[in-house]
Amino acid sequence: MASGDMLARYTARHAVPPVGATPATLDRRGSGHWSLDFPNTGSPTAVFEDVMPSEFALGGIDVTIIWSVTTVTTGTAQFDVSWERMDDEGLDLDADSFATAVSGTGTAPATDGALQYTTVSFGSGQLDGIQPNEAFRLKVARNNTVGSNIAADCEVRRVFVRE
């Protein structure tokens, strides 16, 4: 695939709850827009499961998180994103095996209900060795201990992955 090509896209309704972590909760806002609420306490988390497209050229990847904030228009939010390779006869599914998270920070939109796009960039060596046509999990967590001071829920609307 060429640089910038879409590898995957997820809505709030694609998330699966994590085991052993506080899940981001499915919610609706305004005129029925689905979101995942990531509160400003703990380390709320969402996981997305997929298969890497055969066209993946083993390059770097950008994960873009599209989010808004509940009623607040100032502050920053940090999202920690990590990958887990689910290769043929390689991964023991009885335990998580996510690679080291990479962080991205975004500023709250200046208008309540407006969207913010925060991109987290990964080099090819930070993708847990994921190959084309392999299953994987993508974990998105709000880090409320470092780099995040928004005193409200961050509402994740979409997550998309580009090479």
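Since we're looking at a predicted model, the values are computed, not measured.

**Q** Provide a residue-level description of the sheet that holds strand β9 (residues 135-142), including the pertinent values.
**A** Strand order in this open sheet of four strands is β4-β9-β6-β7, and the pairing throughout is antiparallel. Edge positions in the open sheet fall to β4 (45-51) and β7 (102-107), since each of these has one partner strand only. Between one strand axis and the next, the sheet turns by 25° as a mean value, whatever way the strands run. Here six bridges tie strand β6 (residues 76-86) to β7, and the two strands are oriented antiparallel to one another. Across the sheet, the residue bridging to Phe-79 is Gly-104, located in β7.

**Q** Account for the nonpolar core, naming residues and giving values.
**A** Counting residues in hydrophobic clusters, the biggest one holds 36 residues, and the most contacted among them are Ile-61, Val-63, Trp-67, Trp-83, Leu-138, Ile-150 and Val-161. Among the secondary structure elements, those contributing two or more residues to this core are β1 (6-11), β3 (33-38), β4, β5 (61-69), β6, β8 (116-122), β9 and β10 (154-162). Here the element with the most residues in this core is β5; it accounts for five residues.

The rules behind these values
- Residues numbered from 1 in each chain as written.
- Predicted model: local features only at pLDDT ≥ 70, side-chain atom pairs only at ≥ 80, totals over all residues.
- Heavy atoms only, no water.
- Pairing = 2+ DSSP bridges.
- Helix = DSSP H or I, 4+ residues; strand = E, 2+ residues; numbered from the N terminus.
- Axes fitted to C-alpha atoms, helices over the stretch in contact; angles between N-to-C directions.
- Core = buried A, V, L, I, M, F, W, Y, C linked by side-chain atoms within 4.5 Å.
- Buried < 20%, exposed > 50% of the residue type's maximum accessible area, 1.4 Å probe, protein only.

That is the geometry; function is a separate question.
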